[in-house]
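Here's the letter readout for the chains.
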Amino acid sequence: MTAETLPPPSTSIGPAAWLRRNLFSSIGSSVATVVILALVAYLAVTVGGWAIGEARWAVVTSNLRLFLIGQYPVEQAWRLWLELALLSVLAGVSGGVYGQTTRTLAVSLSAMQLLLAVLMVASPLGPIIIGGLLANALAVWGAYALGRAFAVPRTPLLIAWVLSIPVSFALIGGIGFGPLPTVQSSVWGGLLLTMLLAVVGILLAFPLGVLLALGRRSSLPAARVLSTAYIELVRGVPLITLLFMADIMLPLLLPGEWRIDRVARAMGGITLFSAAYVAENVRGGLQAIPSGQYEAAHALGLNGFQTNLFIVLPQALRSVIPANVGLFISLLKDTTLVTIVGLLEILGIGRAILAQPESLGANLEVYVFVAGVFFVLCYAMSQASYRLERAMGVGSR
Amino acid sequence: MTADNLPPVEAESTEPMIVCRDVHKWFGQLHVLRGINLEVQPREVVVIFGASGSGKSTFIRTINRLEEHQRGEIVVDGIELTDDIRNIAAIRSEIGMVFQSFNLFPHLTVMQNVMLAPMRVRKWSRDQAEHVGMELLTRVGIPEQAHKHPAQLSGGQQQRVAIARALAMQPKIMLFDEPTSALDPEMISEVLDVMRELAESGMTMLCVTHEMGFARAVANRMVFFDNGEIVEEGPPSQIFEAPQHQRTKQFLAQILH
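Report follows, based on the coordinates.

With respect to the overall build of chain A
Regarding its fold elements, chain A presents 17 helices and zero strands. Taking all 397 residues of chain A together, the buried fraction comes to 42%. Long-range contacts, defined here as pairs at least 24 residues apart, represent 76% of the contacts in chain A between residues at least 6 apart. When the accessible area of chain A is evaluated, it comes to approximately 21100 Å², of which 72% is carbon and sulfur surface. In chain A, which carries 22 positive and 15 negative side-chain charges, the distance between the mean positions of the two groups comes to 8 Å.

Right under this line is the structure:
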């Protein structure tokens, strides 16, 4: 018996074979291939021709600052750069120290900054913004190298992340004196506001949703009933309704001297809305955990809290990463709804710009630009999700 | 195989390790345990056998309160099992359990599986837990797998990790619930060898198993369950050579061919 390894026949490999097998395997598939290719070519030529030839991108490039930060005072804009640099360095160092999942965060952050830099090429502000973005993207990797090279202690790093939240708000909103005068939230706008709403919404909705999911499966009747009622109520109303309620009804219900910031109300509305959906996703993950896992944990003497924290949640949350990232992508896009309560996030800024007489007829350019920004952000999130799944999938099967 | 890490066993103690008096349990209307009386002495190895559905698994699961008994009394190492959550926690930390389906934690490595409970329940340092964990993995014969995930191991290796994980809590009693039933035939002996070594080291063991070779060689006593009751018990020689009860004879005839 000979068992020598033979190369595959030449008709089954190579580009010609690939074309034949995948695109021209039958008359039907050949026709489909030709028709679809023609359609794609037609679209590419017309859209590309419009984008390069007819489109008047000046409406975007001359209003770029509005798109990015809204009415945020230009002499305070350095604070936003500092904020971005802070996040870049933190993400980079963490990526270097923890690797895997956090490295994904660092990669996404630098990739997003690079992509935004590409979008800025034609702007008169371009050199400053592109330079800043490139410097930040480099900062991510510099910090990453530092995190890799040195034994950065983990606890201080964690504390730095927690501290970064109040520091970020102090940088963006100001502390009212010294180098950081207050910048009212009414002038926050554009991409800045979009990102703030999305990041705060995700960071708050996720833990709240996990708690609601655990509450819904709790053996305590009060926790179960309250969680279930909350989830069903919130899922039964559209986000717009919640935003209106947060914006109009909350001030009516609260005593007159209580004034909650308008942006904070929108953040609250988005968070409360998304938490209910996170809870249902997580509940699905919890239900997939076999009872043997609980039994093994209990038999080892772990209490209910420890069982959830160390055994159940890590497995349940991993299995619902795709669903939750999908939810967060729609959360990001749903931030555009805050326009109706008078906040100007990036789409609202776009509409405000279109209302000016000098941008007459530039609707398409503005909307294509806004769509492009959203696409970059959402695509980065879904790529991060795939990487996260792979990083956390070690040994799961 | 070292004996450094054996749990403390009070050999001189004459108090029984487990006392069950008139234990009853119902699943809804179904009466699955009908007055079980059993005492297990320190260092004793008791094999429980019987047809599926006879209540033997349910019975050993009542001993660490994975199932609640509704009547009667269970006392483990002097502590009575009641609804008091502190008693349940105290008893669970004295009892190790090995399951038919292993129930390893798939998101943790082998070593993390073994270290988790000592660190979180016993509050050991990481170093101590890792040291003891490695000793135990060596004892069950798989130190080289410490940093793999359970899914990368064979069934027999997974069950040995499960035994090491239970031993890491330094229990006084080990419960085995059909530990070899989910294994391919060629992997059964590697698990039984570990159990035999454990029995020889003086561990108090309660095993639900149909491995009659293991029972004959290792058990001090065998208990036959049928329809929620203990029908017959005695040393293996008596059970195999001169079973008293008709149902015991029938069952043994079926499984011994």
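A word on helix H10 (residues 221-235) of chain A
All names here are of chain A. A rise of 1.5 Å per residue sets the reference length of H10, with its 15 residues, at 21 Å; its end C-alpha atoms lie 21 Å apart and thus fit the reference within 8%. Within H10, burial applies to Ser227, Ile231 and Val234. End-on view of H10: buried residues confined to an arc of 80 degrees, all on one side of the axis. Of the residues in H10, the exposed ones pointing more than 90 degrees away from the buried face are Ala222, Val225 and Leu233. Turning to H10, the residues buried within the fold contact helix H9 (190-216), helix H11 (239-253) and helix H12 (262-287).

Topic: the environment of leucine 302 of chain A
Positionally, leucine 302 of chain A belongs in the loop between helix H13 (291-299) and helix H14 (304-319). Once you skip the residues sitting within four places of it in the chain, leucine 302 of chain A turns out to touch Ala297, Thr307 and Ile311 of chain A together with Leu116, Ala117, Arg120 and Val121 of chain B.

Let's talk about the interface of chain A and chain B
The interface is formed by 19 residues belonging to chain A together with 22 residues belonging to chain B. Both sides together, the interface formed by chain A and chain B hides about 1800 Å², and carbon and sulfur atoms give 64% of it. Summed over the shared surface of chain A and chain B, the result is one salt bridge. A salt bridge links arginine 61 of chain B to glutamate 295 of chain A; its shortest N-O distance comes to 2.8 Å. Contributions of two or more residues to the side of chain A that touches chain B are made by H13 and H14 of chain A.

Here we look at the nonpolar core
Soluble globular proteins tend to pack their nonpolar side chains together in the buried interior. Within the largest apolar cluster, 117 residues are counted, with the highest numbers of intra-cluster contacts made by Phe67 and Trp188 of chain A together with Ile48, Phe59 and Leu206 of chain B. If you tally residues by element for this core, the top one is H9 of chain A, at twelve residues. Once you skip the residues sitting within four places of it in the chain, leucine 206 of chain B turns out to touch Ile18, Val40, Val46, Ile48, Ile60, Ile63, Met174, Leu175 and Phe176 of chain B. Counting residues in hydrophobic clusters, the runner-up holds 53 residues, among them Met111, Leu137, Met205 and Val231 of chain B.

Digging into a nonpolar patch on the surface
All names here are of chain A. Taken together, the side chains of Ile240, Phe244, Met245, Ile248, Met249, Leu252, Leu253 and Ile340 present a nonpolar region at the surface, about 750 Å² in accessible area. You can see methionine 249 is positioned in helix H11. A relative accessible area of 39% means that methionine 249 is categorised as partly exposed.

Overview of the sheet that holds strand E4 (residues 71-76) of chain B
Residues and elements named next belong to chain B. Ordered in space as E2-E1-E4-E5, the four strands form an open sheet in which the pairing is antiparallel. Whereas interior strands pair on both sides, the edge strands pair on one side only; in this sheet they are strand E2 (30-40) and strand E5 (79-80). Sheet strands in contact with helix H1 (residues 56-63) are strand E1 (18-27), E2 and E4, and its direction is about 60 degrees off that of E2.

Observations regarding the side chain of arginine 160 of chain B
Residue and element names in this part refer to chain B. Within the element layout of this structure, arginine 160 appears in helix H5 (residues 155-167). Relative accessible area serves as the criterion here: at 11%, arginine 160 is assigned to the buried category. For arginine 160, the contacting residues outside a window of four places in its chain are Val140, Gly141, Ile142, Glu190, Val191 and Val194.

Quick look at the pattern of salt bridges
The tally for this structure, following the rule as stated, stands at 22 salt bridges over all chains. One salt bridge in this structure joins glutamate 67 of chain B and arginine 61 of chain B, with 3.2 Å as the shortest N-O distance. The exposure class of glutamate 67 of chain B is buried, given its relative accessible area of 16%. Relative accessible area serves as the criterion here: at 13%, arginine 61 of chain B is assigned to the buried category. Of the charged contacts in the structure, one is a salt bridge between aspartate 193 of chain B and arginine 196 of chain B, with a shortest N-O distance of 3.5 Å. With aspartate 193 of chain B and arginine 196 of chain B both in helix H6 (residues 185-200) and three residues apart, this pair spans about one turn of that helix. When salt bridges that share partners are traced, they join Arg216, Glu232, Arg235, Glu280 and Arg283 of chain A into one network.

Thoughts on the packing of H11 of chain A against H12 of chain A
Residues and elements named next belong to chain A. One can describe the packing of H11 onto H12 by two numbers: an axis separation of 9 Å at closest approach and a directional angle of 140 degrees. By the angle class used here, H11 and H12 are oblique. As for the relative orientation of H11 and H12, their crossing is right-handed in sense. Here Leu239, Leu242, Leu243, Ala246, Asp247, Leu250 and Pro251 of H11 lie close against H12, whose contacting residues are Arg262, Arg265, Ala266, Gly269, Ile270 and Phe273.

Here we look at the packing of aromatic side chains
Given two aromatic rings, one states the distance between the centres and the angle between the planes to describe the pair. Residue and element names in this part refer to chain A. By the definition in use, this model includes ten aromatic pairs over all chains. When the ring of phenylalanine 206 is compared with that of phenylalanine 328, the centres are 6.4 Å apart and the planes differ by 70 degrees; the resulting orientation is edge-to-face. Of this pair, phenylalanine 206 sits in helix H9 while phenylalanine 328 sits in helix H15 (residues 321-334), and the two are 122 residues apart along the sequence. Using a relative accessible area of 9% as the deciding quantity, one classes phenylalanine 328 as buried.

Details of helix H9 (residues 246-256) of chain B
Residues and elements named next belong to chain B. Of all the positions in H9, only Thr248, Phe251 and Leu252 are classed as buried. The buried residues of H9 occupy an angular sector of 100 degrees when the element is viewed end-on, so they sit on one face. Exposed residues lying more than 90 degrees from the buried face of H9 are Ala253 and Gln254.

A few points about the state of the cysteines
According to the stated counting rule, one finds zero disulfides over all chains in the structure shown. Sulfur of cysteine 207 of chain B: no disulfide; nearest cysteine sulfur belongs to cysteine 20 of chain B and is 15 Å away.

Observations regarding the environment of serine 385 of chain A
Residues and elements named next belong to chain A. Relative to the helices and strands, serine 385 is located in helix H17 (residues 363-392). On the basis of relative accessibility, which here comes to 4%, the residue serine 385 falls in the buried class. For the pair formed by serine 385 and threonine 104, sequence separation is 281 residues and the distance between their alpha carbons is 8.8 Å.

A look at unusual backbone geometry
All names here are of chain B. The phi torsion at aspartate 22 lies on the positive side, around 50 degrees, for a residue other than glycine. Position of aspartate 22 among the secondary structure elements: in strand E1. Assessed through its relative accessible area of 32%, aspartate 22 is described here as partly exposed. Of note in the backbone geometry, lysine 123 takes a positive phi value of approximately 60 degrees without being a glycine.

Rules used throughout
- Residues numbered from 1 in each chain as written.
- Chains lettered and ligands numbered in written order.
- Predicted model: local features only at pLDDT ≥ 70, side-chain atom pairs only at ≥ 80, totals over all residues.
- Heavy atoms only, no water.
- Helix = DSSP H or I, 4+ residues; strand = E, 2+ residues; numbered from the N terminus.
- Buried < 20%, exposed > 50% of the residue type's maximum accessible area, 1.4 Å probe, protein only.
- Contact = heavy atoms within 4.5 Å.
- Areas by Shrake-Rupley, 256 points an atom, 1.4 Å probe, with all protein chains shown as cover.
- Lys, Arg positive; Asp, Glu negative; His and termini not counted.
- Charge placed at Lys NZ, Arg CZ, Asp CG, Glu CD.
- Expected span 1.5 Å × (residues − 1).
- Arc of directions from axis to C-beta.
- Buried area = accessible area lost by both parts, 1.4 Å probe.
- Salt bridge = Lys/Arg side-chain N within 4 Å of Asp/Glu carboxyl O.
- Core = buried A, V, L, I, M, F, W, Y, C linked by side-chain atoms within 4.5 Å.
- Patch = residues over 30% accessible without salt bridge, like charges linked within 9 Å, V, L, I, M, F, W, Y side chains within 5 Å.
- Pairing = 2+ DSSP bridges.
- Axes fitted to C-alpha atoms, helices over the stretch in contact; angles between N-to-C directions.
- Parallel < 35°, antiparallel > 145°, perpendicular 65-115°, else oblique.
- Left-handed = near helix turned anticlockwise from the far one by under 90°.
- Phe/Tyr/Trp six-rings, centres within 6.5 Å; stacked < 30°, edge-to-face > 60°.
- Disulfide = S-S within 2.5 Å.

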